[in-house]
Amino acid sequence: MKKLVYFMIVLFSISLYAKDEPIYQVSTLNALLAGNYDGLIKVEDFLKRGSVGLGTFNELDGEMIVLDGKCFRAKAIGEVVEVKKNETIPFGVITNFELEKQHHIEYMMNLKDLKDFINPLFINKDVFYVIKVLADFKYIKYRSVPKQERPYKNLSLVIKNEQVIFEEQNIAGTIIGFYFPEFMKGLNVVGYHFHFLSDDLTKGGHVFDFKADNLLVILDQKRQFVLDLADGSFMGGLKIDSSSQ
Ligand SMILES: [Zn+2]
């Protein structure tokens, strides 16, 4: 009998474990902040690790949105294109999204309201969360960054001088978000990070704010994280310190 109970516990643990697919990340935020924009892995290899994600591309050529297993580039000229599988990624995060909690919100909210809504839903603030928001957005403000040339400037300089900000009204789309706890500082964005892709696949970027009602908010808690340092050729940017954030 004891053996059977033990066996059942093991089975249960395995099924729980198998459900919790890891978040896979290429490189670190600090490496990107330091200007390591050279692609480290191919899009086709990145996509083997999941179906939703965000990041950027070789030479910082636009904002990445991965949705339903397809990888899109939101360019600084305001276009979105599906990215070829042999293109490369200097920084990105991806996972398989599993619906854990779904909430329908009828009232009008902005980005801050969304965070205020999600925060109390977290069972544990020291794990990872992936967030999907589907809505007809009344308004959305987002940005992209243009392709860079060597010698690379650091990311804060590029953002300060070259980011292109877009504002759209009445646009249906999906926001993909990741939440990382404080202890991930230097590795990824602490707190929330959201990217947007319109349903017609023509607009997208890094989200600053939005207004929408009738939102569908879906949360997926993750407890495993895989960091891929690729060939480690960006080690100069790996130092984990808070001064560069
Ligand atoms: Zn972003």
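Residues numbered from 1 in each chain as written. Predicted model: local features only at pLDDT ≥ 70, side-chain atom pairs only at ≥ 80, totals over all residues.

## With respect to the overall build of the protein chain
To keep things clear, this is the line we draw: The helix and strand labels rest on DSSP assignments: H or I over at least four residues marks a helix, E over at least two residues marks a strand, and numbering proceeds from the N terminus. It is the C-beta atoms, placed from the backbone, that decide contacts: two residues are in contact if theirs lie within 7 Å.
Assigned secondary structure in the protein chain consists of five helices and 15 strands. Look at the contacts in the protein chain between residues 6 or more apart in sequence, and 77% of them connect residues 24 or more apart.

## Concerning the nonpolar core
Worth spelling out the cut-off: By convention in this section, buried Ala, Val, Leu, Ile, Met, Phe, Trp, Tyr and Cys residues joined through C-beta atoms within 7 Å make up a nonpolar core. In this scheme the burial state of a residue depends on its C-beta neighbours within 10 Å: 20 or more other such atoms mean buried, 12 or fewer mean exposed, and anything in between means partly exposed; the C-beta positions come from the backbone.
Ranked by size, the top nonpolar core spans 53 residues in total, and within it Ile65, Val66 and Val207 carry the most contacts. Per-element tally for this core: the top contributor is strand β10 (residues 128–144), with nine residues. Excluding its chain neighbours within four sequence positions, the residues that come into contact with Val66 are Ser51, Val52, Gly53, Leu54, Cys71 and Ile94.

## Focus on unusual backbone geometry
Where the residue is not glycine, phi is negative for most of them; where a peptide bond is considered, it is trans in most cases. Backbone torsion omega between Arg150 and Pro151 reads -5 degrees, so that peptide bond is classified as cis. Within the secondary structure, Pro151 is located in the loop between β10 and α5 (155–162). Unlike most non-glycine residues, Glu59 shows phi in positive territory, near 65 degrees. Along the chain, Glu59 falls in the loop between β3 (52–56) and β4 (63–67).

## Here we look at the sheet that holds strand β15 (residues 225–228)
We apply this condition: Strand pairing follows a simple DSSP-based rule, namely that at least 2 bridges must link the two strands. Axis definition: a line fitted to C-alpha atoms, limited for helices to the stretch in contact. Angles are taken between N-to-C directions and run from 0 to 180 degrees.
Taken together, seven strands build an open sheet; the order of strands is β6-β5-β4-β3-β8-β1-β15 and the sheet is mixed. For this open sheet the edge positions go to β6 (80–82) and β15, each flanked by a neighbour on one side alone. Across the sheet, the mean angle from the axis of one strand to that of its neighbour is 15 degrees, orientation sign disregarded. Inspection of the sheet shows strand β5 (residues 70–74) paired to β6 by three bridges, in the antiparallel sense. The residue of β6 that forms the bridge with Ala74 is Val80.

## Topic: the confidence of the model for the protein chain
Put simply, the rule is: Per residue, pLDDT measures the predictor's confidence, with a range of 0 to 100.
Predicted confidence across the protein chain gives a mean pLDDT of 90, with 87% of residues reaching 70 or more. With pLDDT under 50 throughout, residues 1–18 is counted as low confidence; its partners more than four residues away or in other chains account for zero contacts. Within the model, pLDDT remains below 50 along residues 240–245, and this stretch shows eight contacts once partners closer than five positions in the same chain are excluded.

## So, the pairing of β4
With five of five residues buried, β4 is to be regarded as a mostly interior element. Side chains of β4 alternate between two faces, with Glu63, Ile65 and Leu67 and Met64 and Val66 buried alike. Sheet analysis places β3 next to β4, joined by four bridges and oriented antiparallel. Across the sheet, residue Gly53 finds its bridge partner in β4, namely Val66. Counting the residues that bridge the hairpin from β3 to β4 gives six residues, and of these Glu59 lies at a positive phi of roughly 65 degrees. Where β4 lies against β5, five bridges are found, and the strand directions are antiparallel. Across the sheet, the residue bridging to Met64 is Arg73, located in β5. Between β4 and β5, which follow one another and run antiparallel, lie two residues, and Asp68 among them has a positive phi close to 50 degrees.

## Examining the environment of Gly78
If you trace the backbone, Gly78 turns up in the loop between β5 and β6. Since 14 C-beta atoms lie within 10 Å of it, Gly78 is described here as partly exposed. A sequence separation of 87 residues divides Gly78 from Ile165, and the C-alpha atoms of the two residues are 9.1 Å apart.

## Remarks on the pairing of strand β12 (residues 191–198)
Sheet topology note: the strand β11 (residues 164–180)/β12 ladder contains eight bridges and is antiparallel. In the sheet register, Tyr179 faces β12, and the bridge partner there is Tyr192. In this structure, β12 lies alongside strand β13 (residues 204–211), joined through three bridges in antiparallel fashion. Residue pairing in the sheet places His195 in a bridge with His206 of β13. Between β12 and the antiparallel strand that follows it, β13, lie five residues; Leu201 among them carries a positive phi value of about 60 degrees.

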